[in-house]
Amino acid sequence: MKTTLKTALAGLAISTAMSSAAFAEDIKVGVLLPYSGVFAALAQDIDDGFTLGLETFGADSGATFQLVREDTEVKPPVGLAKTKKLVLQDEVDVLMGVVSSGVLGAIRDTVDGAKVPLIVANAGNDEATGKDCSPYITRISFSNQQVNRPMGQWMVDQGVKRVFTIAPDYAAGRQMIDAFTTAFTAAGGEVIGQDWPAFQKTQDYGPFLANARASGADAVFVFFAGGEAISFVKQYDSFGMKAAMPLYGSGFLTSSLYVNAQGPAAEGVITALHYVPTLDNPENAALVAAFKAKTGRIPSEYAVQGYDSARALIEAVKSGATDRQTLAAALPKVSFTGPRGELKIDPATNNVIQPIHVYETVAGADGLTQKVLATLPAEADPANGCTMPAAIN
Ligand code: PHB
C-alpha cells in the first residue's frame, strides 16, 4: 500500500491543450482508503474506478498522476495519522478517498488547516458538508441524509406506516437513520423502535432481529455496508423475517458489489441509492463495459464514485488549476454528464447534487440485479450550518 504508483496514462508527457499546465511534475494524489477491515472490498472498487477514470479521462489532460496509497483501516486515528503522513511527508497535491464517516470526521480539521484539497469518494458524513464544511472538501459521492431522506415519503406513499430501524452505532449509521426518521415521521409514518449494534464488532444480529420482530412493525429499515451488510441480510432471511416484515434500507445494504454473496436472501429487498449499474444511459453503458473489461466485475456505486472523482480531478486540472489552492477552488466548480447523469456540486456546501433511485433486488439472467422502482428528483441538502468562505486565501 505504501508503494508509490505511477499511472500508465497515454499521452503521458504533454498535450497541446495544456502545454502551459502549471503542474510541472506529476500530480501527487494521496489515496486514503480502508484496504483492510469490513470495508476492504469497497476500497478496492473505489480504487479500480479511480484508476479507470484517470485512464479514461486523463489522456488528453496533459497531466500525469502519481498515486500514494494509504490504508485507513476504518479506524479514525489511523486515518488521521495517514492523512498527516500524506500531507506533510509526501506533500501530496490532493487527497482522494475516505470511506467511513468516522474517518472523515477525524481528518476534517487537518485537511482544512493544511489547505489541501480533499475529494471525498465515499464517506457520507453530513457534517463535512454541513456545520464542518470547508472550501478544501468537495464531495463527489453522496451525503448520508441525501440517500435516506427521500425514502421517508416514498415508503409512506407505499402504505408502510410503522417501522423498526437498525444500523451500526457510528456516525454514518446514526445520520442515515436520523435522516430517514425525520422524513418518514414528517410524512406521517412512525418509528416504533430502534437498535444500534456495535460497529465492526457485531457478528450475531439475532437479538436485534428478535426486538424488531417483537415490535410488530410493518417493516424494518436499516443501513449496513460491506461485510456487515452481507451478514445482516443473510441473517434476516434465515430468521424467517422477510415474508412478515419486508426489509428496506439505504442501497448500500444490497450493493451490486456484494449482492451475489447475499444470494437469494437479498431478493425482494427495497433500498435507495444514487447509482445502480442498471441505469440506462450511454455514459453508464461505457463505464459498465470498460469496468468489466478491466476488472471482470460490474461497477458498483463505489466504483462510480472513484471514476467520477478521477474525472472531477481531471476537469479541475483542465480548467487551469496549478496547485493545492487553485485545485481546491476548481473542484467544486466542475460539472459533467456521467454514469449517474448530470453531476454538479452545490456551491453552498460543496456536496454533490443528484437524483436518488429506489430499487428492488431481483433475480436476473446472471444473478441478482437492480430493478429501479422510482427515481426521486435531485434535491440539494440544506446548508446545515455551513457558511462556505467565499474565497480561498
Ligand atoms: C460511511 O461511513 O459514511 C459509509 C460507509 C459505507 C457506505 C456508506 C457510507 O457504504
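Quick caveat, the model's predicted, so the values are computed rather than measured. (Residues numbered from 1 in each chain as written. Predicted model: local features only at pLDDT ≥ 70, side-chain atom pairs only at ≥ 80, totals over all residues. Heavy atoms only, no water.)

Peer 1: For this particular structure, what's the right way to read the packing of aromatic side chains?
Peer 2: Aromatic ring pairs are reported here in terms of the distance separating the ring centres and the angle at which the planes meet. This structure, assessed with the given rule, holds 13 aromatic pairs. Taking the centre distance of 5.4 Å and the plane angle of 75 degrees together, the rings of Tyr 205 and Phe 232 count as edge-to-face. One end of the pair, Tyr 205, is in the loop between β8 (190-195) and α6 (206-215); the other, Phe 232, is in helix α7 (residues 226-238), and 27 residues separate them in sequence. An angle of 25 degrees between the planes, with centres 4.6 Å apart, marks the rings of Phe 224 and Phe 232 as stacked. For the residue pair Phe 224 and Phe 232, the accessibility class agrees, reading buried in each case. Taking the ring centre of Trp 196 as reference, the NZ or CZ of Arg 174 above it sits at 3.9 Å. (Phe/Tyr/Trp six-rings, centres within 6.5 Å; stacked < 30°, edge-to-face > 60°. Helix = DSSP H or I, 4+ residues; strand = E, 2+ residues; numbered from the N terminus. Buried < 20%, exposed > 50% of the residue type's maximum accessible area, 1.4 Å probe, protein only. Lys NZ or Arg CZ within 6 Å of the ring centre and 35° of its normal.)

Peer 1: I tried to follow unusual backbone geometry on my own but got confused; where do I start?
Peer 2: Excluding glycine, residues mostly have negative phi values, and the peptide bonds linking residues are mostly trans. For Val 98, which is not glycine, the phi dihedral falls at a positive 75 degrees. Inspection of the secondary structure puts Val 98 in the loop between β4 (94-97) and α3 (101-114). In the Ramachandran plot, Asn 350 falls in the positive-phi region, its phi being about 65 degrees despite a non-glycine side chain. By the element assignment, Asn 350 lies in the loop between β13 (341-346) and β14 (351-353). Relative accessible area serves as the criterion here: at 3%, Asn 350 is assigned to the buried category.

Peer 1: Any chance you could explain the site of the ligand here in plain terms?
Peer 2: Residues in close proximity to the ligand total 17 residues, the closest being Ser 101, Gly 124, Tyr 170, Phe 252 and Tyr 302. With respect to the ligand, the side chain of Ser 101 contributes an N or O atom lying 2.6 Å from an oxygen atom. Contact between the ligand and Tyr 302: an oxygen atom at 2.6 Å from a side-chain N or O atom of the residue. Protein contacts shield 100% of the accessible area of the ligand, which totals 280 Å² for the unbound molecule. (Near = heavy atom within 4 Å. Polar contact = N/O pair within 3.5 Å; in protein donor to acceptor, adjacent residues only side chain to side chain. Areas by Shrake-Rupley, 256 points an atom, 1.4 Å probe, with all protein chains shown as cover.)

Peer 1: Would you mind showing me how to read the pairing of strand β16 (residues 367-376) here?
Peer 2: Look at any regular strand and the pattern is simple: side chains alternate between the two faces of the sheet. In the sheet, strand β15 (residues 356-364) pairs with β16 via nine bridges, with the strands oriented antiparallel. Note on β16: the bridge partner recorded for His 357 is Thr 375. Linking β15 back to β16 in an antiparallel pair, the connection comprises two residues. (Pairing = 2+ DSSP bridges.)

Peer 1: Help me understand the domain arrangement of the chain in this model?
Peer 2: By a widely used convention, the size of an interface equals the accessible area lost when the partners come together. Annotation of the chain at the domain level lists domain 1 (2-141 + 279-353) and domain 2 (149-273). Measuring from the centre of the C-alpha atoms in domain 1 to the corresponding centre in domain 2 gives 30 Å. Contact with domain 1, which involves 20 residues of that partner, is made by 17 residues of domain 2. Note on domain 1 versus domain 2: buried area summed over both sides is about 1300 Å², and carbon and sulfur give 60% of it. Broken down residue by residue, the surface that domain 1 buries against domain 2 is led by Val 38, Phe 39 and Glu 301, which jointly contribute 35%. (Domains from an automatic or database assignment. Contact = heavy atoms within 4.5 Å. Buried area = accessible area lost by both parts, 1.4 Å probe.)

Peer 1: How do you make sense of the state of the cysteines when you look at a structure like this?
Peer 2: Among covalent bonds in proteins, the disulfide is the one between the sulfur atoms of two cysteines. Tallied over the entire structure, the rule returns one disulfide. There is a disulfide in this structure between Cys 133 and Cys 386, and the S-S distance comes to 2.2 Å. Taking the sign of the S-S torsion, 85 degrees for the link of Cys 133 and Cys 386, the bridge is right-handed. Within this pair, whereas Cys 133 is found in the loop between β5 (118-120) and β6 (137-139), its partner Cys 386 is found in the segment after β16, the two being separated by 253 residues in sequence. Taken individually, Cys 133 and Cys 386 each receive the classification buried, so the pair is uniform in this respect. (Disulfide = S-S within 2.5 Å.)

Peer 1: Is there a simple way to think about helix α2 (residues 76-89) in this case?
Peer 2: Note: α-helices contain 3.6 residues per turn, so residues at a spacing of three or four share the same orientation. Taking 1.5 Å as the rise per residue, α2 with 14 residues should run 20 Å; its terminal C-alpha atoms sit 19 Å apart, in good agreement. Of the positions making up α2, those classed as buried are Val 78, Gly 79, Lys 82, Thr 83, Leu 86 and Val 87. Down the axis of α2, the smallest arc covering the buried residues is 160 degrees, so these residues share one side. Exposed and oriented more than 90 degrees from the buried face of α2 are Pro 77, Leu 88 and Gln 89. Check the buried side of α2 and you find it contacts β2 (27-33), β3 (65-71), β4, α3 and α11 (324-330). Of the residues flanking the end of α2, it is Glu 91, one or two places downstream, whose phi is positive at about 50 degrees. (Expected span 1.5 Å × (residues − 1). Arc of directions from axis to C-beta.)

Peer 1: Please clarify how the sheet that holds strand β10 (residues 247-250) should be interpreted in this entry.
Peer 2: Within a beta sheet, neighbouring strands are joined by backbone hydrogen bonds and run either parallel or antiparallel to one another. Here seven strands make up an open sheet; going across it, the order is β8-β7-β9-β10-β11-β15-β16 and the pairing mixed. Where the open sheet ends on each side, the last strands, each with one partner, are β8 and β16. This sheet shows a mean twist of 25 degrees between the axes of neighbouring strands, independent of strand direction. In the sheet, strand β7 (residues 162-166) pairs with strand β9 (residues 219-222) via four bridges, with the strands oriented parallel. By the bridge assignment for β9, Thr 165 is matched with Phe 221. (Axes fitted to C-alpha atoms, helices over the stretch in contact; angles between N-to-C directions.)

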